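# Residue-level structure breakdown
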Amino acid sequence: MIYVEGYQNTIEKVYRTGNEHVFAFWDALTPDRQKHLLQELSHINFEELENLYALTKKQVIPMGFEPAPFTGLPQTPEERKDFDNARAIGIETIKNGKVAAFVVAGGQGSRLGFDGPKGMLPIGPVSNKTLFQIHAEKIKAYEKKFNVEIPWCIMTSEANHDATVEYFEKNKFFNLNKDNVFIFTQNMIPSLDENGKLILETPYSIFRNPDGHGGSLTALYQSGTLSKLMDMGIEILSYFQVDNPLVRIIDPVFIGFHVKRNAEVSSKALKKAYPEEKIGVFVKFSNGRIGVVEYSDLPPEKQNEKDEHGNLRYLAGSIAIHLFNTHFIENITKGNVTLPFHVAKKSIPKYSPEGKIHITGYKFEKFVFDALPLTEHNFILETKREEEFAPVKNKTGVDSVETAQELMINLYTQWLIQKNIPIPKVVEKIEISPLCAVEPDDVPATLLLPQQKEVYIS
Ligand code: UTP
């Protein structure tokens, strides 16, 4: 066993848990790197990791559940009235400066394989603007529309934090007030190999992954951002994922219903397109609490179950758009309520003297929707897929840049059609800058499109 004064406790734990392979290159390390490795090891909670590894051997069976009730799109005049009323309440809440935006952008984007923070991925089908720029311009547009400053929280992780901050600084925060943009990191947790052991990423560091989007609530609190927001009078956080360029970041109707229903957390849902679609479904657990069951945990018989009208019984899919009350986040984080970890078997890069190799191992992540069962009051609102969901997950095929751009072009084309704006035959691609419109009503009725293949309306 190696001996280093001040670290004996840590070193003993490493040996006791069968992780001594992390010292395989010890003798070749400089003293600084030896210290770096020991520092990292001293922050690892080995007991927690043992418990998490035990999870990989268990099949997690969620408690009994049935489909969760949700509010569908308005069909009748009364329902439309209810939506209009929600919109009015939402607008008032936004104008009173009670709402902030919150994007989670700490993921590793491994499926996409993009070099750099996913938010820096060019996505505008004509403009080539990045995801971050499109989100920033939407926020700028809502600020103008509602005549209020809207703070923006951006959660990053160790690997992409500096690049994200640098990007925003270089672009002057896309004309947002930089004092109202809060960029902070989430926690990391070691991944494990198939035998439950730590993995070396370099000869002197351990491979760790960000602790999932569910780590965002703790990160908000630990970074001090939550208390800053609460001091500013923010009551509601509008949560979204960085990889959805269609998200309506500030939605008055959604916010209005959230307030009307006195909800602590509200969520948007869309109708699943087909039983195997890889999105979680909203459920009501047998203890009466609302939650989300991941697609991988939904047994096939439930996945395919139909109601008396022939529709999928588990129809309401979660698209990771939520509203969180700041008081609710404060209560659970201050009360040290932590969300559970889930296990994902993934390819993990491992150091070897011959070069990096990829092994199969386990990553542990928290999911933000696990906060839902902690609520007394919540609300689920249906939205239209084509208006609000264009996930960018993969390099090619399903949920890729190509499919997201197609969805963006389709939506912007619809907005023009709705406004009776003639679209010349030659036009193949249309993109509307958020600075021009964040909803069809904003599109100027007098717009004249040029005779060209690609049109950018700014
Ligand atoms: P995904 O679960 O789709 O992960 O994240 P990902 O990192 O984008 O991609 P893969 O799975 O590695 O291919 C959904 C959203 O949650 C954020 C991501 O940045 C994305 O906005 N996220 C995910 C975090 O902020 N932190 C995490 O630890 C995980």
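In short, a report on the structure. Residue numbers here run from 1 along each chain, matching the order of that chain's written sequence. Since the coordinates come from a predicted model, pLDDT governs what is reported: local features require at least 70, and pairs of side-chain atoms require 80 or more to be given and counted, while whole-chain, interface and lining totals use all residues. Side-chain metrics in this entry use all non-hydrogen atoms of the structure; hydrogen atoms and water are not considered.

## Looking at the overall build of the protein
Scanning the protein from terminus to terminus reveals 13 helices and 19 strands. Just to be clear, the radius of gyration here is over C-alpha atoms, and the globule rule we use is 2.2 Å times residues to the power 0.38. For the protein, the C-alpha radius of gyration of 24 Å lies close to 23 Å, the compact-globule estimate for 458 residues. With the principal axes as the frame, the protein shows a C-alpha extent of 75 × 50 × 45 Å. Of the accessible surface of the protein, which amounts to about 21900 Å², a share of 47% is contributed by carbon and sulfur atoms. Neither His nor the chain ends contribute to the count of charged residues, in which Lys and Arg are positive and Asp and Glu negative. Each charge is placed at NZ for Lys, CZ for Arg, CG for Asp and CD for Glu. Taking the average place of the 51 positive charges on the side chains of the protein and the average place of its 59 negative ones, the gap between the two points comes to 3 Å. Under the scheme used here, helices are H or I runs from DSSP no shorter than 4 residues and strands are E runs no shorter than 2 residues, and both carry numbers assigned from the N terminus. Only the protein chains shown count as cover for residues, with accessible areas throughout obtained via the Shrake-Rupley method and a probe of 1.4 Å.

## Section: the site of the ligand
Taken together, 19 residues are adjacent to the ligand, and Gly-106, Ser-110, Lys-118, Gln-186 and Lys-393 come closest. Think of a polar contact as two N or O atoms within 3.5 Å of one another; within protein, one of them needs to be a possible hydrogen donor and the other a possible acceptor, and neighboring residues in sequence only count if both atoms come from side chains. Gly-106 is positioned with one of its backbone polar atoms (N or O) 2.7 Å from an oxygen atom of the ligand. Take Lys-393: an N or O atom from its side chain is 2.7 Å from an oxygen atom of the ligand. Burial of the ligand by the protein amounts to 92% of the accessible area it has alone, namely 550 Å². Classes in brief: Ala, Val, Leu, Ile, Met, Phe, Trp, Tyr, Cys and Pro nonpolar; Asp, Glu, Lys and Arg charged; the others, Gly included, polar. A class-by-class count of the residues in the shell around the ligand yields 5 nonpolar, 9 polar and 5 charged. The criterion for a residue being near a molecule or strand is simple. One of its heavy atoms has to lie within 4 Å of it.

## Section: unusual backbone geometry
The phi dihedral of Asn-175 falls on the positive side, at around 70°, and the residue is not glycine. Of note, Asn-175 is situated in the loop between α6 (161-170) and β4 (181-185). Whether a residue is buried, partly exposed or exposed follows from its accessible area with a 1.4 Å probe, protein chains only, as a fraction of its type maximum: under 20%, in between, or over 50%, in that order. Of the residues examined, Asn-175 reaches a relative accessible area of 61% and is grouped as exposed. Positioned with a positive phi, Asn-262 is a non-glycine residue whose angle comes to about 55°. Within the secondary structure, Asn-262 is located in the loop between α9 (252-260) and β11 (265-271).

## A few points about helix α4 (residues 77-95)
Because an α-helix packs 3.6 residues into every turn, residues spaced three or four apart end up facing the same way. Each residue after the first adds 1.5 Å to the expected span of a helix. The terminal C-alpha atoms of α4 lie 27 Å apart, and with 19 residues this matches the ideal 27 Å at 1.5 Å per residue to within 8%. Any two residues whose heavy atoms approach within 4.5 Å are treated as being in contact. Where α4 is buried, its residues touch β2 (99-104), α5 (131-146), β10 (236-241), α9 and β17 (378-382). Positive phi shows up at Gly-97, right after α4, with a value of about 70°.

## As for the packing of helix α1 (residues 8-16) against helix α2 (residues 31-42)
Here an angle of 0 to 180 degrees is reported between the N-to-C directions of two axes, which are lines fitted to C-alpha atoms, with helices fitted over the stretch in contact. Between α1 and α2, the shortest axis-to-axis distance is 9 Å and the interhelical angle comes to 75°. Classified by the interaxial angle, the pair formed by α1 and α2 is roughly perpendicular. Facing Thr-10, Ile-11 and Val-14 of α1, the residues of α2 in contact are Leu-38, Leu-41 and Ser-42. For the contact of α1 with α2, a count of residues per class yields 4 nonpolar, 2 polar and no charged. For classification purposes, an angle smaller than 35 degrees is called roughly parallel, one larger than 145 roughly antiparallel, one from 65 to 115 roughly perpendicular, and anything else oblique.

## As for the pattern of salt bridges
Salt bridges are counted wherever a side-chain nitrogen of Lys or Arg sits within 4 Å of a carboxyl oxygen of Asp or Glu. One pass over the structure, following the stated rule, counts 21 salt bridges. Ionic pairing is found between Asp-251 and Lys-268, a salt bridge with its closest N-O pair at 2.6 Å. Separated by 17 residues along the polypeptide, Asp-251 in the loop between β10 and α9 and Lys-268 in strand β11 bring together distant segments of the chain. With respect to burial, Asp-251 and Lys-268 carry one shared label: buried. Across the pair Glu-330 and Lys-334 runs a salt bridge whose closest N-O atoms are separated by 3.4 Å. Placement of both Glu-330 and Lys-334 in helix α11 (residues 326-334) is noted, with a separation of 4 residues, approximately one turn of the helix. Taking the relative accessible area as the measure of exposure, Lys-334 reaches 54% and is therefore exposed. Sharing partners across several salt bridges, the network here consists of Arg-248, Asp-251, Lys-268, Lys-384, Glu-387 and Glu-388.

## Focus: the nonpolar core
As used here, the term nonpolar core means buried Ala, Val, Leu, Ile, Met, Phe, Trp, Tyr and Cys residues forming a set that is joined through side-chain atoms within 4.5 Å. Judged by nonpolar contacts, the single largest core of 44 residues is most densely connected at Phe-132, Trp-152, Ile-154, Phe-168, Ile-249 and Ile-250. In terms of residues, this core owes the most to one element, α5, which gives 6 residues. Apart from the residues within four sequence positions on either side, Phe-132 is in contact with Ala-105, Pro-117, Gly-119, Met-120, Trp-152, Ile-154, Thr-164, Tyr-167, Phe-168 and Val-242. Counting 33 residues, the second largest nonpolar core, distinct from the first, contains Leu-217, Val-265, Phe-328 and Ala-371.

## A look at the environment of Lys-278
If you trace the backbone, Lys-278 turns up in the loop between β11 and β12 (281-285). Residue classification places Lys-278 among the exposed residues on the basis of a relative accessible area of 62%. In this structure, the C-alpha to C-alpha distance between Lys-278 and Thr-396, residues 118 residues apart in sequence, is 16 Å.

Geometric descriptors of this kind do not, in isolation, establish any biological role.
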